[in-house]
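Spelled out from the first residue to the last, the chains are:
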Amino acid sequence: MTETPKRRTATSLIHAGRIRTNLHENAEALFLTSGFVYDNAELAEAVFANQVPHYQYSRFANPTVNMLEARLAEIEGAEACRCTATGMAAVHASMLCQLKAGDRVVAARALFGSCHWIVSTLLPQYGIESVFVDGTDLAAWADALSQKTAMVLLETPSNPMLDIVDLRAVCDLAHAAGALVVVDNVFATPLLQRPQKFGADIVVYSATKHMDGQGRVLGGAVLASQKWIDEVFQPFFRNTGPAMSPFNAWVILKGLETMALRVAAQSENAEKIADFLAGHPKIARSLYPTRPDHPQQKLAMAQMSGGGTIVAFELKGGKDAAFAMMNAFQIIGISNNLGDTKSLATHPATTTHMRIGPEERAKLGITDGIVRLSVGLEDSLDLIEDLAQALSSA
Ligand SMILES: *Cc1c(COP(=O)(O)O)cnc(C)c1O
């Protein structure tokens, strides 16, 4: 284990991982270069033989991307990090680098749409058995993990219904079955939940979301032990090429500097909006992890230090009411992105969760009245007024 850094997260978000050149720049340098040169052929030979550390090619490593990786590792309290082009590249690479034909994967059913596709459709094409369970049902986890398993994938809080998975209990069951646990921690961010504390082996992020947080670039991150990153992940990463652009890494480094402020303010807005929606006559239910009426509020409070920036709610009037409300928004945008400074709403049944089909949606509780709202940095009173006027059209 690397030593736990003495400094606090707000400081790490700004200073961790900095590589300063001999030009003494204050802001992080953008090394927008695909390759690196060697002083002589002998040096190139020594570098490729792993005898001398030296940047080679930005598909393998890049100094700007390395700054972001070191910063994220320090924030997460993880030994090592590799950044990827997108969040999906992070999920895909962290699973495919490890899995082989004949392996078995157990996943929570409530997953981001593309993560669900990887488990349900892609892995079986490679002869990997995949099993879905209700992530909130510990008996179902125990049953699914009663036989040898290679990997577990879960998301908590989940998209879009904000189900909470008991990280400690599932990690214990998974480890007893021989499995590595991959946690997609996008909704919580490293500021509100540290899955490794509860036993997770690999933590993945879409850096597109709160880390950039301003809707500009795509990115992903994989955090794990140094040994796993070096021995299992890096050969796959280096040879299959899901590397992050140095430009995107530079934008995300800047995003991290304000992430603590943004996530705190957006979470505060989200809580107020969830409370407003819960009392509205056209709303059947308002889901937010720390609200007393969330079915797993206790568990959420035990593993998270805040409820996060996302609210899910159900309109009594179903799809028609949801569409009428969304079409009447003046401030809130209609977008499947999340974690942005701009508030964004999506109707999962017809967008992000359309492809999983009506049966799977029913199992997840994603009715046609469900709307997911990613709460931004606007004034909460303006957002509540926008919701109120839009709901009067619903
Ligand atoms: C957005 C998201 C992803 C995928 O990330 P991309 O950067 O869009 O590839 C994966 N999981 C969750 C929970 C997400 O919200």
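Above this text you will find the structure in question.
A. Summary view of the overall build of the protein chain. Within the protein chain, the regular secondary structure consists of 15 helices and 12 strands. The C-alpha radius of gyration computed for the protein chain amounts to 21 Å, which stays within 12% of the reference 21 Å derived for 394 residues, consistent with globular compactness. By principal-axis analysis of the C-alpha atoms, the protein chain measures approximately 75 × 50 × 35 Å. Of note, the protein chain has its 33 positive side-chain charges centred 1 Å away from the centre of its 40 negative side-chain charges.

B. How the structure looks around the sheet that holds strand β12 (residues 370-374). Read across the open sheet, the 5 strands follow the order β8-β9-β12-β11-β10; overall the sheet is mixed. Two strands bound the open sheet, and with one partner strand each, they are β8 (283-287) and β10 (333-334). Pairing of strand β9 (residues 310-315) with β12 involves 5 bridges; the strand directions are antiparallel. Bridge pairing links Ala 312 to Arg 372 in β12.

C. Broad picture of the pattern of salt bridges. The tally for this structure, following the rule as stated, stands at 16 salt bridges. Residues Asp 212 and Arg 216 are paired through a salt bridge, measuring 2.7 Å at the closest nitrogen-oxygen approach. Note that Arg 291 is salt-bridged to Asp 275, the shortest N-O span being 2.6 Å. Taken together, the residues span a long stretch of sequence, with Arg 291 in the loop between β8 and α12 (297-303) and Asp 275 in helix α11 (residues 259-278) at a distance of 16 residues. Judged by its relative accessible area of 15%, Arg 291 is buried. The partly exposed category is assigned to Asp 275, whose relative accessible area is 41%.

D. The arrangement of the pairing of strand β7 (residues 220-224) in detail. Most of β7 sits out of view: 5 of its 5 residues are buried. A two-sided burial pattern is seen for β7, the buried positions comprising Gly 220, Val 222 and Ala 224 on one face and Ala 221 and Leu 223 on the other. Pairing geometry for strand β1 (residues 80-84) and β7, over 5 bridges, is antiparallel. Residue pairing across strands places Arg 82 opposite Val 222, the latter belonging to β7. As paired elements, strand β6 (residues 202-206) and β7 share 4 bridges and run antiparallel to each other. Bridge pairing in β7 places Val 203 opposite Leu 223.

E. Spatial organisation of the pairing of strand β2 (residues 104-108). In terms of burial, β2 is largely enclosed, as 5 of its 5 residues are buried. As defined by bridge partners, β2 adjoins strand β3 (residues 129-133) across 5 bridges and the pair is classed as parallel. Looking across to β3, one finds that Ala 108 is bridged to Val 133. Taking the sense of rotation as the criterion, the β-α-β connection linking β2, helix α5 (residues 113-125) and β3 turns out right-handed. Judged from the 3 bridges that link them, β2 and strand β4 (residues 151-155) form a sheet pairing that is parallel. The partner of Val 105 across the bridge, within β4, is Met 151.

F. Structural view of helix α9 (residues 226-240). Between its first and last C-alpha atoms α9 spans 20 Å; for 15 residues at 1.5 Å apiece the expected length is 21 Å, and the two agree. At Phe 233, α9 is bent by approximately 50°, the largest bend along its length, and proline Pro 235 sits one to four residues beyond. Buried within α9 are the following residues: Trp 228, Ile 229, Phe 233, Gln 234 and Phe 237. Of the surrounding elements, those touching the buried residues of α9 are β1, α4 (87-96), β4, β5 (180-184), β6 and β7. A positive backbone phi angle near 80° is found at Gly 241, which sits one or two residues after α9.

G. Examining the sheet that holds β5 more closely. Read across the open sheet, the 7 strands follow the order β1-β7-β6-β5-β4-β2-β3; overall the sheet is mixed. Only two strands of the sheet have a single neighbouring strand rather than two, namely β1 and β3. Strand-to-strand twist across the sheet, computed as the mean angle between neighbouring axes with direction ignored, equals 20°. Against the sheet, α4 makes contact with β1, β2, β4, β5, β6 and β7, and its axis sits at roughly 155° relative to β6, the strand it touches most.

H. Structural context of helix α3 (residues 63-76). Its 14 residues give α3 an end-to-end C-alpha distance of 20 Å, which sits within 8% of 20 Å, the value for a rise of 1.5 Å per residue. The buried fraction of α3 is high, at 12 of 14 residues. Taken together, the buried residues of α3 touch α1 (9-15), β1, α8 (189-192), β6, β7 and α10 (246-257). The opening residue of α3, the one whose side-chain oxygen lies 2.8 Å from the backbone nitrogen of Thr 64, is Asn 62.

I. Region of interest: the packing of aromatic side chains. A complete count under the given rule lists 6 aromatic pairs for this structure. Relative to Phe 60, the ring of Tyr 57 lies with its centre 5.7 Å away and its plane at 70°, an arrangement referred to as edge-to-face. Exposure remark for Phe 60: the relative accessible area of 12% places this residue in the buried category. Chaining the aromatic ring pairs together yields one cluster made of Trp 228, Phe 233 and Phe 237. It is Arg 238 that lies over the ring of Phe 60; its NZ or CZ is 3.8 Å from the centre.

So, how was this worked out
Residue positions are given per chain, counted from 1 along the sequence in the order it is written. Given that the model is predicted, a residue must reach a pLDDT of at least 70 before its local features are reported, and side-chain atom pairs must reach 80 or more before they are shown or counted; all residues, however, enter totals for whole chains, interfaces and linings. The side-chain numbers reported here are obtained from all heavy atoms of the structure, hydrogens and water having been left aside. Elements are defined by DSSP. Helices are runs of H or I of four residues or more, strands are runs of E of two residues or more, and each kind is numbered from the N terminus. C-alpha atoms define the radius of gyration in this analysis, and the globule rule sets the expected value at 2.2 Å times the number of residues to the power 0.38. His is not counted, nor are the chain ends; Lys and Arg add positive charge and Asp and Glu add negative charge. Charge placement uses NZ in Lys and CZ in Arg. For Asp and Glu, CG and CD serve respectively. Should DSSP find at least two bridges between two strands, the strands are taken to pair. Think of a salt bridge as a Lys or Arg side-chain nitrogen and an Asp or Glu carboxyl oxygen that are within 4 Å of each other. Think of it in three bands: with a 1.4 Å probe and only protein chains considered, a residue is buried below 20% of the maximum accessible area for its type, exposed above 50%, and partly exposed in between. Consider the strands pointing away from the viewer: the crossover is right-handed when the path from the first strand over the helix to the second runs clockwise. For a helix, the expected span equals 1.5 Å multiplied by the residue count minus one. One axis is fitted to the seven residues ending at the residue and one to the seven starting there. The bend at that residue is the angle between these axes. Two residues qualify as a contact provided that any one of their heavy atoms is within 4.5 Å of a heavy atom in the partner residue. Here, axes are lines fitted to C-alpha atoms. For helices the fit covers the stretch in contact, and angles between N-to-C directions go from 0 to 180 degrees. Think of a polar contact as two N or O atoms within 3.5 Å of one another; within protein, one of them needs to be a possible hydrogen donor and the other a possible acceptor, and neighboring residues in sequence only count if both atoms come from side chains. Pairing of aromatic rings covers Phe, Tyr and the six-membered ring of Trp, with a centre-to-centre limit of 6.5 Å; geometry is then stacked below 30 degrees between planes, edge-to-face above 60, and tilted otherwise. Ring-over charges, as used throughout, are those where CZ of Arg or NZ of Lys falls within 6 Å of the ring centre and within 35 degrees of the ring normal.

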